[in-house]
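Listed below are the residues making up each chain.
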Amino acid sequence: MKSDVLILVEDPGAAAYASGVPEALQRSGHSACVLAAGHAAVALKKSGQACEYVGDLSEALALLRAVKPRAIAVGTAEHSNAIGLALIGEARRRGIPSIGLVDGPANAAFRFRGVSNDPLRHAPDCIAVPDDWTREEFIALGAAAGRVRVCGHPGRDALYANRDSASAMRRGTELRRRWLARRRRPVVVFATELSTGPNGQVYCRTPDYTLAGTSGADGRTEIVLEEFLRAVRNLNPRPCLVLRLHPKTPLKLYAAYRAAFDGVSRKESRVDAVLAADVVVGLTSVILDEAVLLGRAALSIGPRIREKEWLDGARHGLVPVVAERAAIRPALRRAIAGHGMPSRARVEKLLPRGAADNVARLILEAGRVRSAA
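Predicted model, so just to flag it, every value in this text is computed and none were measured.

S.K.: Describe empty space enclosed by the protein, with residues and values.
M.R.: In this structure the tally under the stated criterion is 1 cavity of 30 Å³ or more. Considered as a void within the structure, the largest cavity measures approximately 40 Å³ in volume. Around the largest cavity, the lining residues are Val74, Gly75, Thr76, Ala77, Ala82, Gly84, Leu85, Ile88, Arg111 and Phe112. Counting residues per element, the lining of the largest cavity draws most heavily on helix H5 (residues 83-94), at 3 residues. Within the lining of the largest cavity, the residues separate by chemical class into 6 nonpolar, 3 polar and 1 charged.

Right, dumping it as structure tokens:
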């Protein structure tokens, strides 16, 4: 069971960031063993990714001893007692180099702090991040610049492959037919996000919100969802509306809004859900970037304009952002009509392929792992 690299993921975002990395390691002559826990295990099961499921720290440590890796890579999770944090500590005790896999800039100060007040208390030997902004977040927290490497986002490679895959397109078309039930209407998917987290106040109404919602709810996602439903009410033709749930979100959380939607998407993969849509609407979820990569229109609705910095595609001008009530309906009309969609060439220039190979190289450099060939 020995492998050169042990990879652990616990959250769906971490699972997406690690996608393609085992294959990239194999292409360079190295073996990898993937461990999955929690919501990441569900995500990997949906995608068909081979992995070992772990239920707790003792199982992860047992596999660490069995695998005897020369390096470990750990995706971050949103809870303070994450298995990955303890695994980094155990690797350090054993003299095994560790690499953190960070999928974005949100909650940087909570990624490696655990139950302490030190944001780098459990930081690994080096950290792979998708972009310069995420790198600067960790440097500002005190991480040495040489320990934080911009690698891009490995999930993009698989998305580009799906965009060019006839079978993926067929799955999207079949799902679209089920949603529409033979009616000819544009399909708009609204992607929810969590309104909770380790830094909970970030996800609730603040005085600088430029959107108010319609019910008095204070949750960031609920406010934007209500503004979206208000704006879509008088669109003609009325689009088919599908509520895409975040993997950690129970449907009951949005029970008050269910009647406004024609369908709910949760069991389907994100790729299939995006390919079945004409437009994907959300806040700052990575699914908006994924929509652009897959050739679909995307629209970010934010409760305040500065949140555009939370989304890669918005910072690059690939995903339009609105933060005022009066701007939402016109932006929806433009998105449904396909106006302003970026070209494939521009998307690939700004969100390039090859990130999985970059992460694999960083892991091998950090672990000084050489091919046996």
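Read on for the rest.
S.K.: Explain helix H4 (residues 57-67) to me, using residue names and the numbers behind them.
M.R.: Every buried residue belonging to H4 is among Ala60, Leu61, Leu63, Leu64 and Val67, and all of these are buried. An end-on view of H4 places all buried positions within 160° of arc, on one side of the element. The inward-facing, buried residues of H4 abut strand E1 (5-9), strand E2 (32-36), strand E3 (52-53), strand E4 (71-75) and H5. Of the residues trailing H4, Lys68 is marked for its positive phi of about 50°.

S.K.: So what's going on with the packing of aromatic side chains? Which residues, and what values?
M.R.: Tallied over the entire structure, the rule returns 3 aromatic pairs. Here Phe112 and Phe138 contribute two aromatic rings whose centre-to-centre distance is 6.0 Å and whose plane-to-plane angle is 50°, an arrangement assigned as tilted. Remark: Phe138 occurs in helix H6 (residues 132-140) and Phe112 occurs in the loop between strand E5 (98-101) and strand E6 (126-129); sequence separation between them is 26 residues. Its relative accessible area of 1% is what places Phe112 among the buried residues. Between the aromatic rings of Tyr254 and Tyr257, the centroid separation amounts to 6.3 Å while the plane-to-plane angle is 45°, which identifies the pairing as tilted. A relative accessible area of 13% means that Tyr257 is categorised as buried. Its guanidinium or amino end placed over the ring of Phe110, Arg113 lies 4.7 Å from that ring's centre, counting from NZ or CZ.

S.K.: Lay out the packing of H4 against H5 in plain terms, naming residues and giving numbers.
M.R.: One can describe the packing of H4 onto H5 by two numbers: an axis separation of 10 Å at closest approach and a directional angle of 35°. Seen along the crossing, H4 lies across H5 with a hand that is right-handed. Taken together, the residues of H5 that come into contact with H4 (itself represented by Leu57, Ala60, Leu61, Leu64 and Arg65) are Ile83, Ala86, Leu87, Glu90 and Arg94. In terms of residue class, the contact of H4 with H5 is made up of 7 nonpolar, no polar and 3 charged.

S.K.: Please give an account of the sheet that holds strand E12 (residues 297-301) that cites residues and values.
M.R.: Taken in spatial order, the 6 strands line up as E10-E9-E8-E11-E12-E13 in an open sheet, and their pairing is parallel. Because the sheet does not close on itself, it has two edges, and the strands there are strand E10 (263-265) and strand E13 (321-322). Here strand E9 (residues 240-244) pairs with E10 via 3 bridges, running parallel. By the bridge assignment for E10, Leu243 is matched with Val264. Across the sheet, helix H9 (residues 220-232) lies against strand E8 (187-191), E9, strand E11 (279-282) and E12, angled at about 165° from E8, the strand it touches most. Lying over the sheet, helix H11 (residues 286-293) contacts E8, E9, E11 and E12, oriented at roughly 160° with respect to E12.

S.K.: Can you lay out the pairing of E5 for me, pointing to particular residues and giving the numbers?
M.R.: Burial along E5 is two-sided: Ser98 and Gly100 facing one way and Ile99 and Leu101 facing the other are all buried. Across 4 bridges, the pairing between E4 and E5 is parallel. The residue bridging Gly75 from the neighbouring strand is Leu101, located in E5. The parallel pair E4 and E5 is bridged by H5, and the resulting crossover is right-handed. Pairing analysis gives 3 bridges linking E5 to E6, with the strands arranged parallel.

S.K.: Outline the layout of surface pockets, listing residues and values.
M.R.: The method is simple in principle: a probe with the dimensions of a water molecule rolls over the atoms, and the space it marks as empty is what remains. Space inside the second largest pocket adds up to approximately 990 Å³. For the second largest pocket, the lining is made up of 41 residues, of which Ser19, Ala43, Ser47, Ser269 and Val271 are closest to its centre. Residues that form the lining of the second largest pocket fall into these classes: 19 nonpolar, 11 polar and 11 charged.

S.K.: Could you give an account of the sheet that holds strand E7 (residues 148-150), with specific residues and numbers?
M.R.: Read from one edge to the other, the open sheet built from 7 strands follows the order E3-E2-E1-E4-E5-E6-E7, with strand pairing classed as parallel. The open sheet has two edge strands with one neighbour each: E3 and E7. Sheet topology places E1 next to E4; 4 bridges connect them, and they run parallel. Following the sheet pairing, Ile7 is matched in E4 by Ala73. Strand contacts of helix H3 (residues 38-47): E1, E2 and E3, with the helix running at about 120° to E2, the strand carrying the most contacts.

The rules we used
- Residues numbered from 1 in each chain as written.
- Predicted model: local features only at pLDDT ≥ 70, side-chain atom pairs only at ≥ 80, totals over all residues.
- Heavy atoms only, no water.
- 1 Å grid on protein atoms, 1.4 Å probe; cavity = no way out; pocket = protein on both sides within 12 Å on 5 of 7 lines; lining within 4 Å.
- Points joined across faces, edges and corners; volume = space filled by probe spheres on them.
- Helix = DSSP H or I, 4+ residues; strand = E, 2+ residues; numbered from the N terminus.
- Nonpolar A, V, L, I, M, F, W, Y, C, P; charged D, E, K, R; others polar.
- Buried < 20%, exposed > 50% of the residue type's maximum accessible area, 1.4 Å probe, protein only.
- Arc of directions from axis to C-beta.
- Contact = heavy atoms within 4.5 Å.
- Phe/Tyr/Trp six-rings, centres within 6.5 Å; stacked < 30°, edge-to-face > 60°.
- Lys NZ or Arg CZ within 6 Å of the ring centre and 35° of its normal.
- Axes fitted to C-alpha atoms, helices over the stretch in contact; angles between N-to-C directions.
- Left-handed = near helix turned anticlockwise from the far one by under 90°.
- Pairing = 2+ DSSP bridges.
- Right-handed = clockwise from strand over helix to strand, strands pointing away.

By themselves, these observations are geometric and do not establish any function.
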